[in-house]
Amino acid sequence: MLIILIFVSSGCVSKEHDNKKALKHMIQSEKLRLLMRELDMVVYERQKSELDRDKMRKRYMLSLGDTLKHLSAEIENMSESDLGLKLTQEDIQEYKRYAKNLSLDADEIYDLAHKYEFELLNKKLEDVKVSCNACHKQFRKEL
Amino acid sequence: MKILRFLVFLFFVKSLFASGNEIELKSLDMVVEIGGRAHLSMLHTSDQSSFFAGKIALDRDKKSDDFSLNARESRLWLKTKTPTEYGMLRTLVEIDFLGTKGGSTSKNDYYPRLRHAFIEVGGFGFGQTNSAFNSIVALDTISYPMDDTLVRQSLIRYTYDTKLFAYDISIEEPKITLLDQNSSKSITKDNLPYDLVLRARYYPLWGELGISFLARKILQDSVVDNTKDSKYGYGVNLSGRIKTFALDDIRFNAHYGEGSGRYIAYGAFSEGTISSSGEITLTPVYGGHLGYRHFWSEKLRSTIAFSYIGADNNLDVLQTGLHKVTKESHAMQINLLWLPIKNLLTGVEYAWAQREVLSSESGKANFLNFILRYDF
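Residues numbered from 1 in each chain as written. Chains lettered and ligands numbered in written order. Predicted model: local features only at pLDDT ≥ 70, side-chain atom pairs only at ≥ 80, totals over all residues. Heavy atoms only, no water.

Novice: Before we move on, could you go through the interface of chain A and chain B and cite the residues and values that matter?
Specialist: Between chain A and chain B, the residue contacts involve 31 residues of the former and 55 residues of the latter. For the pair chain A and chain B, the summed buried surface comes to about 3,500 Å²; carbon and sulfur atoms form 45% of the total. Together, Y44(A), R46(A) and Q47(A) form the three largest contributors to the area buried by chain A at its contact with chain B, with a combined 23%. Linking chain A with chain B are 13 salt bridges, by the criterion used here. The residue K243(B) makes a salt bridge to E38(A) at a minimum N-O spacing of 3.2 Å. Inspection of the chain A/chain B interface yields 20 residue pairs in polar contact (both at pLDDT 80 or more). Mapped onto the side of chain A that touches chain B, the elements with two or more residues apiece are α1 (2-41) and α2 (50-76) of chain A. (Contact = heavy atoms within 4.5 Å. Buried area = accessible area lost by both parts, 1.4 Å probe. Salt bridge = Lys/Arg side-chain N within 4 Å of Asp/Glu carboxyl O. Polar contact = N/O pair within 3.5 Å; in protein donor to acceptor, adjacent residues only side chain to side chain. Helix = DSSP H or I, 4+ residues; strand = E, 2+ residues; numbered from the N terminus.)

Novice: Could you give me a rundown of the packing of α2(A) against helix α4 (residues 89-114) of chain A, with the residues and numbers involved?
Specialist: Residue and element names in this part refer to chain A. Across the interface, α2 lies against α4 with an axial gap of 8 Å and an inter-helix angle of 165°. One finds that α2 runs roughly antiparallel with respect to α4. When you trace α2 past α4, the crossing you get is left-handed. Of the residues contributing to the contact of α2 with α4, the split by class is 14 nonpolar, four polar and seven charged. (Axes fitted to C-alpha atoms, helices over the stretch in contact; angles between N-to-C directions. Parallel < 35°, antiparallel > 145°, perpendicular 65-115°, else oblique. Left-handed = near helix turned anticlockwise from the far one by under 90°. Nonpolar A, V, L, I, M, F, W, Y, C, P; charged D, E, K, R; others polar.)

Novice: Residues and numbers for the packing of aromatic side chains, please.
Specialist: Within this structure, the stated rule accounts for 12 aromatic pairs over all chains. On the numbers, 5.5 Å between centres and 80° between planes, the contact of F133(B) with Y263(B) is edge-to-face. Residue F133(B) is located in the loop between β7 (124-130) and β8 (152-161), and its partner Y263(B) is located in the loop between β15 (249-258) and β16 (272-274); the two are separated by 130 residues in the primary sequence. The buried category is assigned to Y263(B), whose relative accessible area is 0%. Of the aromatic side chains, those joined through ring pairs into one cluster are F165(B), Y167(B), Y202(B) and W206(B). We note K79(B) situated over the ring of W77(B); from NZ or CZ to the ring centre the distance is 4.6 Å. The cationic tip of R301(B) hangs over the ring face of Y44(A); the distance from NZ or CZ to the ring centre is 5.1 Å. (Phe/Tyr/Trp six-rings, centres within 6.5 Å; stacked < 30°, edge-to-face > 60°. Buried < 20%, exposed > 50% of the residue type's maximum accessible area, 1.4 Å probe, protein only. Lys NZ or Arg CZ within 6 Å of the ring centre and 35° of its normal.)

Novice: Lay out empty space enclosed by the protein in plain terms, naming residues and giving numbers.
Specialist: Summed over the entire model, instances satisfying the criterion amount to four cavities of 30 Å³ or more. Computed from the structure, the largest cavity encloses a volume of approximately 210 Å³. As for the largest cavity, its lining consists of 17 residues, and the residues nearest its centre are K48(A), D52(A), I136(B), R199(B) and R201(B). Contributing elements (two or more residues each) for the lining of the largest cavity: α2 of chain A together with β8 and β12 (195-202) of chain B. Counting residues per element, the lining of the largest cavity draws most heavily on α2(A), at four residues. When the residues that make up the lining of the largest cavity are grouped by side-chain class, the tally is four nonpolar, five polar and eight charged. Listed by contribution, the elements that provide at least two residues to the lining of the second largest cavity are α2 of chain A together with β4 (75-84) and β5 (87-96) of chain B. Counting residues per element, the lining of the second largest cavity draws most heavily on β4(B), which supplies three residues. Per-class residue counts for the lining of the second largest cavity are three nonpolar, two polar and five charged. (1 Å grid on protein atoms, 1.4 Å probe; cavity = no way out; pocket = protein on both sides within 12 Å on 5 of 7 lines; lining within 4 Å. Points joined across faces, edges and corners; volume = space filled by probe spheres on them.)

Structural measurements only, silent on function.
Here it is, written out as structure tokens:
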């Protein structure tokens, strides 16, 4: 009986644990989406000079970088059990590589922000989107 | 936005080194950006009023409805950025066409007006731009709230910027208007010390918050015969934005000042009054606004806002012409803005405003404003 209880409760904890991770991942993704929308809306912030707007854009870009760093750290810190039993060592390495790439993307976004290179952001975000989609396609069903 | 990238390579042939001839290549990487907006405004007013705290027509001055159509709010700007050893050097020059109210009937030849001419490097900035006393967040409306805190002027500013906070100290152009006993404006120009503004801004995840303090000396020298007087004026301006659901937010502003007149409501109020003996009395001005912005969808949004501004003018000094002096104004705005394609904004706003003057007369006006604007 005790063994059954431990088994059931551990199953629940594991499921809840996975759900929390998935939820956190979703929250960060939603945060990214909102930040990108807010960046698009900066042009409509009234009574700011173009220099002020650029500073606003810079702040949003730095927040975007922070969010990508968080996402990357979450993925990096996922254990093998978080990733599911069907994954091979190779798959796990591949998954971690996506996390590493995300972190590098964040570094590039920080760099663009400090240089006020906003025109290059969309291209960078496209790269991030491609990377996210590839990762989701390969691993989301497994999680 | 069109971007022109100029790479200017400067070649220097250096003098002979011990090891032999060397050529050093220095590059100056200046990026020049040109942009602006084409803006068409269609405004219907109930009595030829303007939607500003001091310009709502009184009932006794009622005129017929007015419909106007113009593109004066179109803008053009040029900005540059150049990396230097002190950080990015950024400059901006911007013009609009709001300086001329009525163009000729055939050509509408509105003249350019300077909005910004500003240089910023290593935290230091100088030139003409928005005062540091201005609100850091504005309502997402087509017309301005009654209490709008917006001044553009020449200034020298230092900003210390961190990720979460920014602090500014700004020395700004001084200008003073005082009301005499006939409620006429006198502008004092001589020997004015600069206005000082201190500002702190906070950028948490939940929004933005800014507080500014204004300190200035209000003085008159021989405005009335050979008299002299001075007073210290001040103002506090708190503004911010609190994010609520998704992209929705609450935007607010509150201010109080004595002698802060021209910084608020586009000069609807003076800094103070000047008596027949030359004595200055500062006028307390107070107001605020509150607005909620809601996104119906990614491309459709609305704002509803209420604003108020009032002042306690010195009635011991002001004897005549009281109908010229605004006591208080309040307004309500509601709009619907639509972004059919990126950077093309169109929308309609209904606004209602009321003004009361010191003679206890008042006036109300309705406004319907339609815009079509493209930012490039």
